[in-house]
Amino acid sequence: MSLRQTQKANTRSAIKRVAKHAFLTKGIEATSTRFLSEQAGIAVGTLFVHFPDKLSLVKDIFFDEMDAALREAADAQSACQSPSDYLLQMADVLFSFYDKYAEFARLVLFDSLAHGGFHAKQMDVIVEGVAGRFRQVGVDDNTAAIFAENMAANYFMVLLKGIPSGVLGRAAIDHLGKLNLPFDVSYKNALKKGH
């Protein structure tokens, strides 16, 4: 890496470090780009060279933190067979993350929903994980897909109910478990038939 590239990477890192601290302590809306540039020791224009707007800075920090949370959770999660258990494990990790970064989550998720961003891709991965667990016990592809999409819709409903308040937590996980109870029963019935 050249000296220029190193300096650029260091400046970007400093902006993100200062912004993360300011966003978490002062709030995103209350933190101006002028304040961030002063704290990072750069010109406002330099900040905009690295991040065209405050939302792109918020997203960059959010995705870095989400990656770290998901990696840590993947290492700590137990292997599960049940589609409901899988979805609840994923929801537990993501809901906890969204609670910790509530203001970030509201901005980034709503932007994603409006523009078809990362959340749609994340849900595709979750739906496939749920459907695959149904297929493993002999549920046909079409039914597995329908079950998975309905379970994901329940996840989405619980998420949208909790995100505006910034609180998902245990109550949201319990509610999701109850909503998906019929699918859990279907999975257990298919599992019994297969054995």
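Anything mentioned here points back to the structure above.
Fair warning: this is a prediction, and the values are worked out from it, not measured in the lab.

Caption draft 1: Expanded view of the nonpolar core. Core analysis: the largest hydrophobic core is formed by 53 residues, its most contacted members being Phe-23, Phe-62, Phe-95, Tyr-98, Phe-134 and Tyr-155. Contributions of two or more residues to this core are made by helix H1 (3-26), helix H4 (54-76), helix H5 (83-100), helix H6 (102-115), helix H7 (118-136), helix H8 (141-162), helix H9 (169-179) and helix H10 (181-194). For Phe-62, the residues in contact, after removing those within four places along its chain, are Phe-97, Tyr-98, Phe-104, Ala-105, Val-108 and Phe-118.

Caption draft 2: Region of interest: H4. For H4, with 23 residues, the first-to-last C-alpha span of 33 Å sits near the 33 Å given by 1.5 Å per residue. Turning to H4, its buried residues number three or more, namely Leu-57, Val-58, Ile-61, Phe-62, Glu-65, Met-66 and Ala-73. The inward-facing, buried residues of H4 abut H1, helix H2 (33-40), H5, H6 and H7. Where H4 begins, the capping side chain belongs to Asp-53, and its oxygen is found 3.3 Å from the backbone nitrogen of Leu-55.

Caption draft 3: Spotlight on the packing of aromatic side chains. The final tally for this structure, using the stated rule, is 13 aromatic pairs. Geometrically, the ring pair formed by Phe-62 and Phe-118 is edge-to-face, given 6.0 Å between the ring centres and 65 degrees between the ring planes. Separated by 56 residues along the polypeptide, Phe-62 in helix H4 and Phe-118 in helix H7 bring together distant segments of the chain. Exposure remark for Phe-62: the relative accessible area of 0% places this residue in the buried category. An angle of 90 degrees between the planes, with centres 5.5 Å apart, marks the rings of Tyr-101 and Phe-104 as edge-to-face. Like Tyr-101, the residue Phe-104 is buried in the burial classification.

Reading guide: rules and limits
Residues numbered from 1 in each chain as written. Predicted model: local features only at pLDDT ≥ 70, side-chain atom pairs only at ≥ 80, totals over all residues. Heavy atoms only, no water. Core = buried A, V, L, I, M, F, W, Y, C linked by side-chain atoms within 4.5 Å. Buried < 20%, exposed > 50% of the residue type's maximum accessible area, 1.4 Å probe, protein only. Helix = DSSP H or I, 4+ residues; strand = E, 2+ residues; numbered from the N terminus. Contact = heavy atoms within 4.5 Å. Expected span 1.5 Å × (residues − 1). Polar contact = N/O pair within 3.5 Å; in protein donor to acceptor, adjacent residues only side chain to side chain. Phe/Tyr/Trp six-rings, centres within 6.5 Å; stacked < 30°, edge-to-face > 60°.

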